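Per-entry structural report
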Amino acid sequence: MKRPNIFPVRLSFVLPLNAEKSVDRFVHAYIVVGEQIAIVDTGAAGYQQGLVDALAALGKSPADVAWIVNTHEHPDHIGGNGFFAERGQPRFTCHAAATRWIEDLGAQSRERPIYGFDKMAGKAIRVARQLQDGDEIDFGGVTLQVIYTPGHSPGSMSLYCPMDGALITADAIQPVGGLPLYADLQQSRASMRRLLSLRGVKTLYCAHSDQPFVGDEIPATIQAGLDYLDRVDAAVKDAVTHLPANAAQEEITRETLLRIGLTPPPVMPITIQSVMSHLRTG
Ligand SMILES: [Zn+2]
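Keep in mind that this is a model prediction, so the values were computed, not measured. (Residues numbered from 1 in each chain as written. Predicted model: local features only at pLDDT ≥ 70, side-chain atom pairs only at ≥ 80, totals over all residues.)

**Some details on the sheet that holds strand S5 (residues 91-95)**
Spatially, six strands are ordered S1-S2-S3-S4-S5-S6 in an open sheet, and the strand pairing comes out mixed. Strands at the two margins of the open sheet, each flanked by one partner only, are strand S1 (6-16) and strand S6 (129-131). On average, each strand axis in the sheet is inclined to that of its neighbour by 25°, with strand direction left out of account. On top of the sheet, helix H1 (residues 49-57) reaches S1, strand S2 (22-33) and strand S3 (37-40); it is set at about 160° to S1, its chief contact. (Pairing = 2+ DSSP bridges. Helix = DSSP H or I, 4+ residues; strand = E, 2+ residues; numbered from the N terminus. Axes fitted to C-alpha atoms, helices over the stretch in contact; angles between N-to-C directions. Contact = placed C-beta atoms within 7 Å.)

Encoded structure:
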């Protein structure tokens with residue numbers, strides 16, 4: 001059997017929710033092996049050992065990494081950037097719209113506050129190449145094609161490896177039952193519809209899913225994400241009709257999250273943003 005070019009690496013990390021409480025989470029990074037070695041996403045800061053071990057299994061070390069591709073600007077995907085910058089000379093690349101928040105972590109923290117951001121995001125790096133939809137990144141014999149899939153964040157992109165039929169979507173597909181997490185509902189929907197329309201995908205990699213999806217699971221997973229957004233939409237509309245016209249954003253978010261079964265409702269800036277994006281028109 002042909003050797004794959006993409007190796008998923010599961011990185012477990014502890015996500016602090018507040019001063020008292022934290023939860024165990026995981027995110028996937030990917031090692032891409034061409035003539036050059038690339039890494040797609042680097043996990044939360046302090047949790048890079050899994051990547052080091054996976055590189056070692058391929059006979060490589062962090063110093064051998066030529067490229068680091070960030071699927072988007074969130075801290076659990078870029079937190080190891082500084083780790084690799086300190087151990088080699090990787091060139092960093094991301095979608096142009098993600099550049100500012102990846103280079104300026106202070107700006108991201110102010111504009112999208114989450115608890116424990118600084119610790120999770122690690123050290124900032126300089127982006128060497130800004131990508132656009134349709135661009136190809138060539139690692140020597142293996143290429144990744146950029147599919148711009150904004151919505152979850154302004155700079156979210158998916159990456160398609162034609163050689164493996166592998167599609168890395170990171171956080172572009174909303175997980176069913178999870179926190180609604182998107183900066184822009186309409187963009188998120190359009191991006192998922194676009195991913196649904198792609199042909200030739202053999203393996204779908206979502207950053208926070210246990211296993212990659214194959215065969216019929218691929219369209220089913222994307223459609224389920226779209227359906228979940230419809231469910232959230234109905235919940236927002238129902239919450240609004242049952243609340244006074246001057247209800248605060250926190251209250252609308254609380255009532256929405258309760259209606260989709262998230263108890264206790266995790267009302268925080270990132271969920272408020274998602275919920276409120278359902279009430280924007282145009
Ligand atoms: Zn994200």
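**Thoughts on the pairing of strand S4 (residues 65-70)**
Within S4, five of the six residues are buried, which leaves the element mostly enclosed by the surrounding structure. Where S3 lies against S4, four bridges are found, and the strand directions are parallel. For Ala-38, the partnering residue across the bridge sits in S4 and is Trp-67. Read as a crossover between parallel neighbours, the route from S3 over H1 to S4 is right-handed. By the bridge criterion, four bridges tie S4 to S5 in an arrangement that is parallel. Residue Trp-67 lies in a different strand from S5, and its bridge partner there is Arg-91. (Buried ≥ 20, exposed ≤ 12 C-beta atoms within 10 Å, placed from the backbone. Right-handed = clockwise from strand over helix to strand, strands pointing away.)

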